[in-house]
Amino acid sequence: MELTREEVLHIARLARLGIDDAEVDRLQSQLSDILGHFAVLSQVDTDGVPPTAHTVAQCNILGYDEPISSLPIDAVLSNAPEREGDFFRIRAVLE
Amino acid sequence: MTIDVCAFTIAEAGRLFRAKELSSIELTRAYLDRIEAVDSKIQALMTVTGGVALNQAKKADAILARGEGHPLTGIPIILKDVLCTKGIRTTCSSKMLQNFIPPYDAAVVERLHACGAVIIGKSNMDEFAMGSSTENSAYFTTRNPWDTSRVPGGSSGGSAAAVAAGLATAALGSDTGGSIRQPAAFCSVVGLKPTYGLVSRYGLIAFASSLDQIGPFTKDVADTALMLNAIAGYDPRDSTSVPQPETDYHGCLGGSVKGMRIGVPKEYLAQGVTPEVKAAVDAALKVYEDLGCSIEECSLPTTDAALAVYYIIAPSEASANLARYDGVKYGFSYKETDSMWQAMEKTRAMGFGPEVKRRIMLGTYALSAGYYDAWYVKAQKVRTVIRREFDAAFERYDALITPTAPTVPFKIGEKAADPFSMYLSDICTIPVNIAGLPGISIQGGFHNNLPIGLQIIGKPFAEKTILKLGHAFQQVTDWHLRQPQL
């Protein structure tokens, strides 16, 4: 299982993870090595086996349709890197 | 009185509180003094909350003076730095959250406060709980109190080392693939990963949401039961929380374990398990035989694929969970650019360490177009196969016993260069998370004064069974009474 340099750069871009050249090289070899060990999965017969997303057999957790209090706005914004009034301030999304 | 806190249990502290021979203030001060004296040698703690702790201890003493309170009232406890604490810095041992001060408490922290417990500090960990040694902390590596040239395990290594070194009576950690049980084994304390859904994860900083659980570290199994009584319970704020009847986990301890059926899956004693670990497990099985349990070898044939399942599912979930760190809402934010995308990429490049980046990459890959079915869905199907094998085993056995880790604690730096060799140190604990089962690591012996852990695995929500078995072992052995010399 060998990942190409282009694949590594593509994944990094999907993850919005800035990586430098040295990291690309390192990740290419480490991820290839790790994925190589995972070939064991293909040896397990899973024909007709449903996937497990999560081990607790629960679905449709319904809440009561009642308002509950939320955190005060100052608490919500207390860790904001940049704030303007009662809002998070961000950079322009459309350029 | 002069207090030697190193071997203190919750039960012993509670007895002295109620006999008016000790106050919570005195006990809290004794731990703070001990932290001052020895934490520089092991570096278990990210933050010491002395002022907060002494205030809480004062309140606890008032409750105790009225003859009221809970078994945890006045007991000093350390929290893994992955649990949100209102007004107290919570870093996840990451540069990303270096200055993060949560505006609310995690559900388990609320519950500890409601019991009158004393929060004495926040412990070091592998960054975002990704690792098996605490070497992935962005700040420093915690050392094993039994041998400071070795790792304490991880990712909850700080919590395990703190309880082993007597820096608090108990601690909380989180366990996604073994992050409570493996460090408990390496530090010779008790560590419990409860059934998925038993303990609310509200306020636990997410790593892999279908696997994460919160659990305690203590000196003995009786204390684990007291901690579980305090933290278990339904919470509508965690949609995976499962309503369970009110249970007294401490009340079930004691009595005979005669006739209980124990399975020993042979795959857990195969490759990679050292002879000394195997010998300790064999000796423990002999103890259970003498206690009247039946011991039988069994097989969980798909165990070999568990590591691959885990290292696809956990990174996939992590890559989604960690997408929230974008430099906008909280956490580190790179500001030296006007471009939104560049700011985001730089924020994440500078805020995350190498192992976190590796797992985000692995997970993004497994979830990406063209690879989703071959890796992610395949891993989820194999997850079903592994679960079914456990289900079948539990039709015949009350519990399974395995080593917690295949080796004694390894040297700092020994596995740092090879990520996959590090992943192998969780090989005995990972399947338990994959199947959502409860697992406990108890002290199982020593080799050259280095700890060996014994893992007891139960059916979903059968915490009572594994606690009872662990407690029975500690009534006839004394490994749990040994303390490291610092």
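For every chain, the first residue of the written sequence is number 1, and numbering continues from 1 onward in sequence order. Chain letters and ligand numbers both follow the written order, the letters beginning at A and the numbers at 1. At least 70 in pLDDT is required for a residue's local features to be given in this predicted model, at least 80 for side-chain atom pairs to be given and counted, and no such filter applies to totals for whole chains, interfaces and linings, which use all residues. With hydrogens and water stripped out, all remaining heavy atoms of the structure feed into the side-chain values.

1. Details of the overall build of chain A
Okay, so step 1: Put simply, DSSP H or I for four residues or longer makes a helix, DSSP E for two residues or longer makes a strand, and each gets a number counted from the N terminus. Helix and strand counts for chain A stand at 3 helices and 2 strands.
Okay, so step 2: Across chain A, helices and strands are ordered from the amino to the carboxyl terminus as α-α-α-β-β.
Okay, so step 3: Here the C-alpha atoms of chain A give a radius of gyration of 23 Å, more than 25% beyond the 12 Å that 2.2 N^0.38 yields for 95 residues.
Okay, so step 4: For the C-alpha atoms alone, the extent of chain A along its principal axes is close to 55 × 45 × 25 Å.
Okay, so step 5: Only protein chains enter the accessibility calculation, which uses a 1.4 Å probe; a residue whose area is less than 20% of its type maximum is buried, one above 50% is exposed, and one in between is partly exposed. Burial statistics for chain A: of 95 residues in total, 33% are counted as buried.
Okay, so step 6: We call two residues contacting when some pair of their heavy atoms lies within 4.5 Å. Excluding contacts between residues fewer than 6 apart, the proportion of contacts in chain A whose partners are at least 24 apart in sequence is 26%.
Okay, so step 7: Here the open area of atoms and residues is found with the Shrake-Rupley method and a 1.4 Å probe, where only the protein chains shown may cover a residue. When the accessible surface of chain A is totalled, it reaches about 6,600 Å², and 53% of it is carbon and sulfur. Each radius of gyration is computed over the set of C-alpha atoms, and the globule rule expresses the reference value as 2.2 Å times the number of residues to the power 0.38.

2. As for the interface of chain A and chain B
Okay, so step 1: In this complex, chain A contributes 50 residues to the contact, which on the side of chain B involves 68 residues.
Okay, so step 2: Summing the contributions of chain A and of chain B, the shared interface buries around 5,100 Å²; its carbon and sulfur component is 67%.
Okay, so step 3: Summed over both partners, the accessible area lost on bringing two parts together, with a 1.4 Å probe, is the buried area. Per-residue buried area on chain A facing chain B is highest for A:R16, A:L41 and A:R91; these three make up 15% of the total on that side.
Okay, so step 4: Salt bridges are counted wherever a side-chain nitrogen of Lys or Arg sits within 4 Å of a carboxyl oxygen of Asp or Glu. Counting every contact that joins chain A to chain B gives 2 salt bridges.

3. Some remarks on the UniProt feature "active site" (unreviewed entry) in chain B
Residues and elements named next belong to chain B.
Okay, so step 1: In this numbering, the UniProt entry assigns the feature "active site" (unreviewed entry) to K80, S155 and S179. For this annotated set, covering 100 residues, all C-alpha atoms fall within 10.9 Å of each other, a compact arrangement in space.
Okay, so step 2: With residues up to four places along the chain from it excluded, the contact list for K80 reads K122, S123, M125, A129, S155, S156, S159, L172, G173, S174 and S179.
Okay, so step 3: One polar contact links K80 to S156, side chain to side chain, over a distance of 2.9 Å.
Okay, so step 4: Here S179 lies in the loop between β4 (170-175) and α6 (181-187).
Okay, so step 5: On the basis of relative accessibility, which here comes to 5%, the residue S179 falls in the buried class.
Okay, so step 6: Non-local contacts of S179, meaning those with residues more than four positions away in its chain, are made with K80, A129, G131, G154, S155, S156, S174 and F217. UniProt positions are given in the numbering used here, feature names are shortened, and annotations may be inferred rather than shown by experiment. In protein, a polar contact means a hydrogen-donor-capable atom and an acceptor-capable atom, both N or O and within 3.5 Å, with residues adjacent in sequence counting only if both atoms are side-chain atoms; elsewhere, any N or O pair within 3.5 Å suffices.

4. A short note on the packing of aromatic side chains
Okay, so step 1: Working definition: a ring pair exists when centres of Phe, Tyr or Trp rings (six-membered ring for Trp) sit within 6.5 Å. Plane angles under 30 degrees give stacked, over 60 give edge-to-face, the rest tilted. Inspection of the entire model under this criterion finds 17 aromatic pairs over all chains.
Okay, so step 2: Centroid distance B:Y365 to B:W375: 6.5 Å. Interplanar angle 50°. Geometry classified as tilted. Here B:Y365, found in helix α11 (residues 354-367), pairs with B:W375, found in helix α12 (residues 372-396); they are 10 residues apart in sequence, far enough to count as distant.
Okay, so step 3: Judged by relative accessible area, B:Y365 falls into the buried class, the value being 2%.
Okay, so step 4: An aromatic cluster is defined as three or more aromatic residues linked by ring pairs; in this entry it consists of B:F100, B:F128, B:Y325, B:Y330 and B:F352.
Okay, so step 5: Placement of a positive charge over a ring is assigned whenever Lys NZ or Arg CZ falls within 6 Å of the ring centre and within 35 degrees of the normal to the ring plane. In this structure, A:R16 packs its charged tip against the face of B:W341, placed 3.7 Å from the ring centre.
Okay, so step 6: Directly above the ring of B:Y202 sits B:R237, whose terminal nitrogen or CZ lies 4.1 Å from the centroid.

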